Each structure stands twice: as structure tokens, then as C-alpha cells.
Amino acid sequence: MIEFDAVGLAYERGRPALDDVSFSLAGGSFTFLTGHSGAGKSSLLRLVARLERPTHGAIRVGGIDYAGLRPRQESALRRQMGIVFQDNRLLDDRSVFDNVALPLIIGGWRFSDICTRVQAALDKVGLGNRGDARPEVLSGGEQQRVGIARAVVARPKLLLADEPTGNLDPDISADILELLMQFNASGVTVLFATHDTALLDAYDFPRLTLSRGSIQSRP
Amino acid sequence: MKPLDENTAEVTSVAGARWRYGRRGYALAASFAQLGGRKLASATTLMALGITLALPALLLFTMDSLDTLASRSLEGESLTLYLNTELPAGDSARLRSEVAASPGIRETRYISPSEALETFRKQADVDAALIALGKNPLPGAIVVYPDTDQLEDAAIRALATALGALPGVERVQADLRWVRRLQAAVALAQLVAILLAGFLLLTALLVIANTIRLELSRRRNELEVSRLLGASSGFLARPVIYAGAVYGFLGGLIGNVLALLALQLLRGPADDLARLYGSGFLLSLPSLERLGLILLVSTLLGLLAALLTLYGPSRQKVGGGP
């Protein structure tokens with residue numbers, strides 16, 4: 001599903017964020033992406049989401065070679081992924097329903113499908129009756145659930161989670177992880193970036209560990 | 001946007017909601033949300049735009065009236081041939097026919113000495129003086145209307161010289177000069193108005209572009225999130241382009257209203273002034289086409305400002321990214 005071949009990424013004026021990173025993740029897998037802060041986890045996820053371009057090396061996701069992708073193709077590629085952020089990045093000026101509907105509006109889905117899918121996604125994360133609420137009135141855990149609903153509403157093949165439990169209590173973190181595991185069970189490939197040792201110890205998933213931009217261990 | 005009802009069947013019956021969840025509807029709703037989100041700032045911007053656009057609109061409407069006056073004056077321009085006082089009436093009629101047959105003459109009119117005297121009497125209290133003279137001192141005259149569509153200034157002057165040389169013609173008076181002066185003044189005023197309008201339209205363009213730029217900065221999070229969710233550059237640009245058009249259209253609307261109000265205020269004094277000079281000048285209200293033209297130009301201006309913000313030399317990248 002995800003293949004990195006000697007991938008490097010360097011930002012202007014600084015040491016490389018990633019250095020000759022090579023790994024391969026199978027479709028339908030659930031993988032922890034671990035490493036200390038600044039190890040390069042977010043950079044790796046941004047490369048997968050094609051939000052950054054590698055300085056060198058080759059990336060293939062779902063059989064698509066990233067080299068030479070046009071901007072329109074990059075957008076289409078991102079529409080096939082779901083992304084969950086640590087700070088959830090919900091839009092405060094719209095309802096929960098509208099936040100979750102945004103990927104479908106972007107994708108040009110039919111109105112009836114938008115209604116059905118958004119409601120189904122909210123039901124799935126246990127917020128079926130909070131569609132009319134503004135994100136600001138929800139708890140941190142509920143906001144993260146909305147973020148997950150938004151990430152999965154278009155039924156992506158790949159789910160990228162960038163420290164989604166970073167700001168949450170341990171119990172809620174476990175709930176969020178269980179939720180992502182449910183999506184994984186339905187065939188979605190999940191790459192879950194975290195440095196939460198409690199979670200890592202509690203769940204025995206394959207790990208891709210980064211240290212100072214290099215692979216320390218791979219699944 | 002408002003949330004939708006849980007009942008899908010009920011929701012689908014709401015045409016407005018259906019429209020808002022389409023790509024174009026979403027973009028238009030987002031552009032109106034920009035205006036509605038910060039009401040005071042938007043109102044201030046629109047008012048500034050309206051005032052900026054009102055001045056070119058007012059200049060355009062005023063120029064239309066001046067143009068009409070200049071054209072009308074040109075139609076009335078004429079040469080007056082004063083005839084020898086001793087010329088018999090029959091010779092005067094023959095001379096008029098001869099002049100009328102000359103090339104470049106649109107129309108002629110003969111004013112007999114008695115008609116001239118009657119007109120003179122109506123305009124001035126000169127009865128006593130005329131009685132003292134004992135006879136009518138006024139000559140007959142032929143008023144010649146050159147074909148101004150065909151003849152240039154120089155040709156009309158040459159025509160005046162030629163007609164002045166005809167036997168029986170004592171003097172030629174060209175009533176062209178003031179018309180030409182008026183036309184020159186109107187042309188100059190038009191040029192100044194065009195330049196001024198150009199500067200003001202440029203100002204409006206910059207106001208809209210700056211507003212959009214600020215709005216893009218304010219909505220950075222939304223744009224970035226949309227991009228992360230797979231929004232294409234077209235999807236991200238569409239609300240910006242719509243917002244430019246909306247700003248331009250509403251600014252043009254306010255500009256039209258302000259220009260009409262100003263014109264209404266100016267009409268009375270302008271008519272009074274024209275009446276004092278015996279002119280038929282009328283500061284007329286603009287036609288619907290003219291008002292539509294202002295709206296069209298202002299909307300296009302808004303679109304241009306949005307496109308310049310997005311794709312111009314100092315373009316603002318929407319949604320960040322590599």
C-alpha cells in the first residue's frame with residue numbers, strides 16, 4: 001500500500017527531516033509510526049499525503065508513483081485518504097455536520113449521498129445526535145471523534161493519523177484508537193503516528209520507528 | 001451553514017440546502033459568509049468602494065449630458081450672410097437659391113429686412129430711434145447651415161470666405177466659434193473625466209484586492225484544511241473569485257445609488273444656470289443601460305481584483321502547500 005524507497009526530505013536551512021527512508025506497508029495493515037518529537041513522523045505523513053515533495057527517493061501509494069504527479073492528480077489522491085490531526089483542525093464557524101460534510105462537498109458528491117454518509121459517519125463515532133452543534137461546545141474527545149468522522153466519511157483506503165490522541169486523556173485515547181481499529185477491520189490501511197508509550201505498550205501493532213529522520217525499526 | 005435535519009428525505013426536499021452542498025453553491029455561500037461574518041468591516045469596505053465608484057459613474061452620467069449639448073449645438077451652427085441694404089428682394093431670392101445650390105450646404109433660410117426689424121423690435125425697445133431714422137436700417141440676411149457631418153472646420157471657414165465674396169453679400173458672420181469652443185471644452189473635460197475615472201477604478205481594484213488578501217489571511221485555516229482534504233486549486237479559488245465579483249457588484253450598486261443622488265442634487269442648480277445662459281442644457285438622469293454598464297464594469301473589476309490576488313505577480317497562495 002505504502003512504499004518508500006530511499007526517501008529524503010530537507011527543508012531550507014536545516015538538517016534533513018528524513019534521510020534515506022525505505023519501508024513498505026501492506027494494504028489493510030495497522031501500523032504505529034513512532035519516535036520522539038522531531039524524529040520526522042509528521043514529515044513522513046506529509047510526504048504520504050503529498051503535502052511535501054521528497055528531496056530524493058521514490059514514493060508509491062496504492063500503486064501510484066508520486067513522481068511527476070500533477071496538482072490536480074495530487075488533489076484527487078488526497079481525496080482517497082483520510083487525515084486525522086492532533087489538533088483536529090475543525091472549522092469553528094460551522095456545524096459538526098458541515099465539518100464532516102466538507103470532504104464530500106470537495107469531492108462533488110450528490111446531496112443525498114452527503115446526507116446519508118455524514119449521518120452514518122457521525123453515528124459510527126457516537127455523535128449521531130450532535131450534527132447541529134458547533135465544535136467549540138464539544139469536549140476534546142468529541143472533537144477528535146468529529147475529526148475522525150470527517151477523515152472516514154468518504155470511505156478512504158488509507159487513514160493517516162498524526163498524533164490524534166496527543167491532547168487527550170488515556171481513557172479517551174484508548175477509545176479513539178479502538179475507533180480507528182474498527183475502521184481498520186473494515187479494510188482501511190491505518191498509519192498512526194504517536195509517541196504515547198501507554199498506547200504503544202497496550203496495543204501490539206507493527207511499528208515503524210524513526211529517530212532523527214532515519215528508520216530505526218520497521219515492521 | 002446550518003446543519004441539516006437527520007431525516008434525509010426531509011432534507012432532500014430543501015432546494016436551498018441542496019444547492020449549498022454543491023461545489024458552486026458552497027463557494028457562493030462562502031463568499032457571502034465573508035461579507036456576513038464581519039458586518040462592520042464589510043459595510044465599511046463596501047461603502048468605500050461605493051464612493052470610489054460613484055465618482056466615475058457621476059462623471060459618466062454628466063459627460064453624457066454635456067455630449068448631447070455639444071452635439072445639439074453643432075446641429076445649430078450656422079453662417080449668416082448680411083446682404084447689401086440696396087439689394088432688391090428679387091436678387092436676394094436668387095442669391096439664396098445660388099447659395100443653397102452650393103456644395104456642403106444643408107439648409108438656408110432668408111430673413112428679410114422687415115422680419116429682421118420685427119425681431120429687433122421684440123428684443124429691444126428701439127421704436128423711438130427707428131422713427132427718428134425714418135426707414136428700416138437693417139439688411140436682409142441669408143442664414144446658411146453647412147453640412148457639419150461632411151465639412152471640417154477648415155472647409156467651413158473656406159465656405160464662409162467663398163460666400164462672403166458673392167456679389168450682394170456685405171459681410172459674413174460665422175456662428176461657429178462658440179460651438180467649437182464648447183466642443184473643445186467638453187472634449188477636454190471628457191479626457192480629464194476619463195483619467196480621473198481610470199484612477200478611481202484603479203483605487204477600487206486595489207481596495208477589493210486588499211480586502212480579498214486580508215480575507216484569505218483570516219481564512220487560512222479553512223483553506224489549509226480544505227486542501228488537506230483534497231480540495232483542488234480551482235475549488236479553493238472559486239470562493240475568492242465569487243467574493244471579488246460580489247464585492248464589485250455591491251460596490252457598483254452603492255456607487256450607482258450615490259451617483260443618482262448626487263445627480264439629483266445637481267440637476268436643479270445646473271438647470272438654473274443653463275436657463276440664465278438661454279441654453280437648453282438639461283442634466284438628465286442616466287438610462288438603465290448606463291446604470292447596467294456601471295454594474296458590469298464594477299463586477300468585472302471585482303473579478304479582476306480576485307484573479308490578480310490569486311494569479312498576479314504578488315499572488316497569494318491559497319491553502320499553502322509545496
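About the criteria used
- Residues numbered from 1 in each chain as written.
- Chains lettered and ligands numbered in written order.
- Predicted model: local features only at pLDDT ≥ 70, side-chain atom pairs only at ≥ 80, totals over all residues.
- Heavy atoms only, no water.
- Patch = residues over 30% accessible without salt bridge, like charges linked within 9 Å, V, L, I, M, F, W, Y side chains within 5 Å.
- Areas by Shrake-Rupley, 256 points an atom, 1.4 Å probe, with all protein chains shown as cover.
- Salt bridge = Lys/Arg side-chain N within 4 Å of Asp/Glu carboxyl O.
- Lys, Arg positive; Asp, Glu negative; His and termini not counted.
- Charge placed at Lys NZ, Arg CZ, Asp CG, Glu CD.
- Buried < 20%, exposed > 50% of the residue type's maximum accessible area, 1.4 Å probe, protein only.
- Helix = DSSP H or I, 4+ residues; strand = E, 2+ residues; numbered from the N terminus.
- pLDDT = per-residue confidence, 0-100.
- Contact = heavy atoms within 4.5 Å.
- Phe/Tyr/Trp six-rings, centres within 6.5 Å; stacked < 30°, edge-to-face > 60°.
- Lys NZ or Arg CZ within 6 Å of the ring centre and 35° of its normal.
- Pairing = 2+ DSSP bridges.
- Right-handed = clockwise from strand over helix to strand, strands pointing away.
- Expected span 1.5 Å × (residues − 1).
- Axes fitted to C-alpha atoms, helices over the stretch in contact; angles between N-to-C directions.
- Parallel < 35°, antiparallel > 145°, perpendicular 65-115°, else oblique.
- Left-handed = near helix turned anticlockwise from the far one by under 90°.
- Nonpolar A, V, L, I, M, F, W, Y, C, P; charged D, E, K, R; others polar.

Caption draft 1: Expanded view of a negative patch on the surface. On the surface, Asp 169, Asp 171, Asp 175 and Glu 178 of chain A cluster together into a negatively charged patch. According to the relative accessible area criterion, Asp 175 of chain A is partly exposed, its value standing at 39%.

Caption draft 2: Spatial organisation of the pattern of salt bridges. Residues and elements named next belong to chain A. Considering all chains together, one arrives at 13 salt bridges over all chains under this definition. Its salt-bridge partner being Lys 41, residue Glu 163 comes within 3.6 Å of it at the nearest N-O pair. In this pair, Glu 163 sits in the loop between β7 (158–162) and α6 (170–185) while Lys 41 sits in helix α1 (residues 41–48), placing the two residues 122 residues apart along the sequence. The exposure classification of Glu 163 matches that of Lys 41, with both residues buried. Note that Asp 93 and Arg 94 form a salt bridge whose closest N and O atoms lie 3.4 Å from each other. Of the residues examined, Asp 93 reaches a relative accessible area of 47% and is grouped as partly exposed.

Caption draft 3: Geometry of the confidence of the model for chain B. Residues and elements named next belong to chain B. Residues of chain B with pLDDT of at least 70 account for 81%, and the chain-wide mean is 81. Per-residue pLDDT stays below 50 along residues 1–9; that stretch engages in 27 contacts with residues further than four places along the chain or on separate chains. Taken over the whole predicted complex, pTM reads 0.69, whereas the ipTM for its chain interfaces reads 0.84.

Caption draft 4: Geometry of the packing of aromatic side chains. Residues and elements named next belong to chain A. Per the counting criterion, the structure on display carries 10 aromatic pairs over all chains. Both rings, one in Phe 30 and one in Phe 32, keep their centres 5.9 Å apart while their planes meet at 85 degrees; by these two values the pair is edge-to-face. Judged by relative accessible area, which is 3%, Phe 30 ranks as buried. Each ring, one from Tyr 203 and one from Phe 205, has its centre 6.3 Å from the other, and the planes form 5 degrees; the classification is stacked. In this pair, the class of Tyr 203 matches that of Phe 205, namely buried. Of the aromatic side chains, those joined through ring pairs into one cluster are Phe 30, Phe 32, Phe 192, Tyr 203 and Phe 205. Its guanidinium or amino end placed over the ring of Phe 85, Arg 89 lies 5.7 Å from that ring's centre, counting from NZ or CZ.

Caption draft 5: The arrangement of the pairing of strand β8 (residues 189–193) of chain A in detail. Residue and element names in this part refer to chain A. When you tally the buried positions in β8, you get five out of five residues, the bulk of the element. In terms of strand pairing, strand β3 (residues 30–34) meets β8 through four bridges, oriented parallel. Looking at β8, one finds that Phe 30 is bridged to Val 190. Where β7 lies against β8, five bridges are found, and the strand directions are parallel. When the sheet's bridge partners are listed, Asp 162 is paired in β8 with Ala 193. Once you follow β7 into α6 and on to β8, the crossover reads as right-handed.

Caption draft 6: Summary view of helix α4 (residues 111–124) of chain A. Over its 14 residues, α4 of chain A runs 20 Å from end to end, which matches the ideal 20 Å to within 8%, given 1.5 Å per residue. Of all the residues in α4 of chain A, the buried ones are Phe 111, Ile 114, Cys 115, Arg 117, Val 118, Gln 119, Ala 121 and Leu 122 of chain A.

Caption draft 7: Region of the structure containing the packing of helix α3 (residues 96–106) of chain A against helix α5 (residues 140–152) of chain A. Residues and elements named next belong to chain A. Running from amino to carboxyl end, α3 crosses α5 at an angle of 30 degrees, the nearest separation of the two axes being 7 Å. Our classification of the angle between α3 and α5 gives roughly parallel. Handedness of the α3/α5 crossing: right-handed. Here Val 96, Asn 99, Val 100 and Pro 103 of α3 lie close against α5, whose contacting residues are Val 146, Ala 149 and Arg 150. Residue classes in the contact of α3 with α5 are distributed as five nonpolar, one polar and one charged.

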